[in-house]
Amino acid sequence: AKDHKEIGFEFYNDHALTDLPEKTDFDTHFNLALENEEFYLVFQPQYFASSKKLRGFEVLTRWYSPILGNVNPAQFIPIAEKKGLMILFGQWILTEACEKYKKIQSLYPHNIIMSVNISSIELMDPTFFPMVKNILNNTGVSGKNIEFEISESIFKAPMAQLTDILKKLKELDIQIALDDFGNSISYLNKLQKLPIDTIKINKVFIDDIDNSEVSNHPVASMVSLGHSMNMSVLAKGVETNTQFDYLKKQHCDCIQGYLFGKPLKEITFHRLLEELILY
Ligand code: C2E
Ligand code: CA
Ligand code: CA
């Protein structure tokens, strides 16, 4: 439990990783959880703002542990990263996601995009690219249907290395989205030079739309900035109609958030797709 305290994570519910039996360390528990199939994926829809058509969905990982209950990814992902388990875990996530995508494609035969979160640690690992290529080959999912969400922490990596991996992913037609855009403008010069297709505006900016004079909110500048760099712009965590109306008015391309759909379990997501196909 000592390691977890050091990281200072937030508790998700009554049960948490600190409740692990004394002798089981996180690594053992995590590997067992992987073996016992305690991890599963949920799917959150993303829509085009103007047409309200389905753009795709983001894959989010869940952990239900019989001992700990539901453990929040904001808790277990950073620990997996710190413990050097993220490469293996990321491989499981992408494989599982691609397998699920095949079924989704059979229910909803449009080229919707599947967004998968990729840790900086994974992206910069030399084994990452060959692994991605293998998974796409083995599952038969085309790169053009995949988007990788990378985080701002990636800009700490050397530019040459970052450019190299992103270019290679683009050769597989994989799209790149920058997650939680807006925390810092110190890397804008780098952003502009990289083959990034989409920026996802951090939810904190979207939340703020409700409480301010909407005429010249920072979100408006963020949308223009994205467009000026030839990137599409997606707003994260859209929860109210006020936010949605404002985003549409500013020509924000895509939206994701509880207003349009929470992350759904596979079966519920399939039902959503079946409904969408009828309209
Ligand atoms: P994220 O990538 O920023 O994902 C968005 C988070 O916001 C998700 O939390 C989602 O459930 C939540 N969310 C979506 N719409 C709304 C909304 O309208 N309102 C509110 N309040 N929340 C909303 P979740 O699933 O708990 O994931 C937390 C974080 O854990 C993710 O943040 C991501 O950084 C990480 N994560 C989750 N799954 C994976 C994964 O498969 N791989 C990696 N590397 N990280 C993951
Ligand atoms: Ca994300
Ligand atoms: Ca995040």
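Computed from a predicted structure; not experimentally measured.

So what's going on with the coordination of the calcium ion (ligand 2)? Which residues, and what values?
Protein ligation of the calcium ion (ligand 2) involves E58 (OE), N117 (OD1), E149 (OE) and D179 (OD), the donor distances falling in the range 2.1 to 2.4 Å. Binding-site remark: the calcium ion (ligand 2) is held by donors from one chain whose sequence spacing is E-x58-N-x31-E-x29-D. Separating the calcium ion (ligand 2) from the calcium ion (ligand 3) is a gap of 5.6 Å. In this pair, E58 sits in strand β2 (residues 54-65) while D179 sits in strand β6 (residues 175-181), placing the two residues 121 residues apart along the sequence. For the pair formed by E58 and D179, the shared burial category is buried.

How would you sum up helix α12 (residues 266-278)? Please name residues and give values.
Three- or four-residue spacings in an α-helix give side chains the same orientation, since the helix completes a turn every 3.6 residues. Taking 1.5 Å of rise per residue, 13 residues should cover 18 Å, and α12 covers 19 Å from first to last C-alpha, within 8% of that figure. On its buried face, α12 sits against β1 (39-48), β2, α4 (86-107) and β10 (264-265).

Account for the site of ligand 1, with residues named and values stated.
The full set close to ligand 1 counts 23 residues, and T61, R62, K236, E239 and Y258 are the nearest of them. With respect to ligand 1, the side chain of Q44 contributes an N or O atom lying 3.0 Å from a nitrogen atom. At a separation of 3.1 Å, an oxygen atom of ligand 1 approaches a polar side-chain atom of D179. For ligand 1, whose accessible area on its own is 810 Å², the fraction buried by protein is 79%. Contributions of two or more residues to the shell around ligand 1 are made by β2, α3 (73-82), α4 and β6. Tallied by class, residues from the shell around ligand 1 come to nine nonpolar, seven polar and seven charged.

Pulling in residues and values, what's your account of the packing of aromatic side chains?
Aromatic ring pairs: the centre-centre distance and the angle between the two ring planes describe each pair. For the coordinates displayed, the defined rule picks out 18 aromatic pairs. A ring pair is formed by W63 and F76, whose centres lie 5.7 Å apart and whose planes are at 80 degrees; its orientation type is edge-to-face. Of this pair, W63 sits in strand β2 while F76 sits in helix α3, and the two are 13 residues apart along the sequence. By relative accessible area, which is 1% here, W63 ends up buried. Of the residues examined, F76 reaches a relative accessible area of 0% and is grouped as buried. For the ring pair F128 and F148, a centre distance of 5.7 Å and an interplane angle of 55 degrees mean the geometry is tilted. Of this pair, F128 sits in helix α6 (residues 128-139) while F148 is found in strand β5 (residues 146-150), placing the two residues 20 residues apart along the sequence. For the pair F128 and F148, one class covers both residues: buried. Grouped by ring-pair contacts, the aromatic residues F30, F39, W63, F76, F89 and W92 constitute a single cluster. The ring of Y258 is capped by K262, whose NZ or CZ atom sits 4.7 Å from the centre of that ring.

Cut-off values and rules
- Residues numbered from 1 in each chain as written.
- Chains lettered and ligands numbered in written order.
- Predicted model: local features only at pLDDT ≥ 70, side-chain atom pairs only at ≥ 80, totals over all residues.
- Heavy atoms only, no water.
- Donors = N, O, S within 2.8 Å, 3.2 Å for Na, K, Ca; no water.
- Helix = DSSP H or I, 4+ residues; strand = E, 2+ residues; numbered from the N terminus.
- Buried < 20%, exposed > 50% of the residue type's maximum accessible area, 1.4 Å probe, protein only.
- Expected span 1.5 Å × (residues − 1).
- Contact = heavy atoms within 4.5 Å.
- Near = heavy atom within 4 Å.
- Polar contact = N/O pair within 3.5 Å; in protein donor to acceptor, adjacent residues only side chain to side chain.
- Areas by Shrake-Rupley, 256 points an atom, 1.4 Å probe, with all protein chains shown as cover.
- Nonpolar A, V, L, I, M, F, W, Y, C, P; charged D, E, K, R; others polar.
- Phe/Tyr/Trp six-rings, centres within 6.5 Å; stacked < 30°, edge-to-face > 60°.
- Lys NZ or Arg CZ within 6 Å of the ring centre and 35° of its normal.

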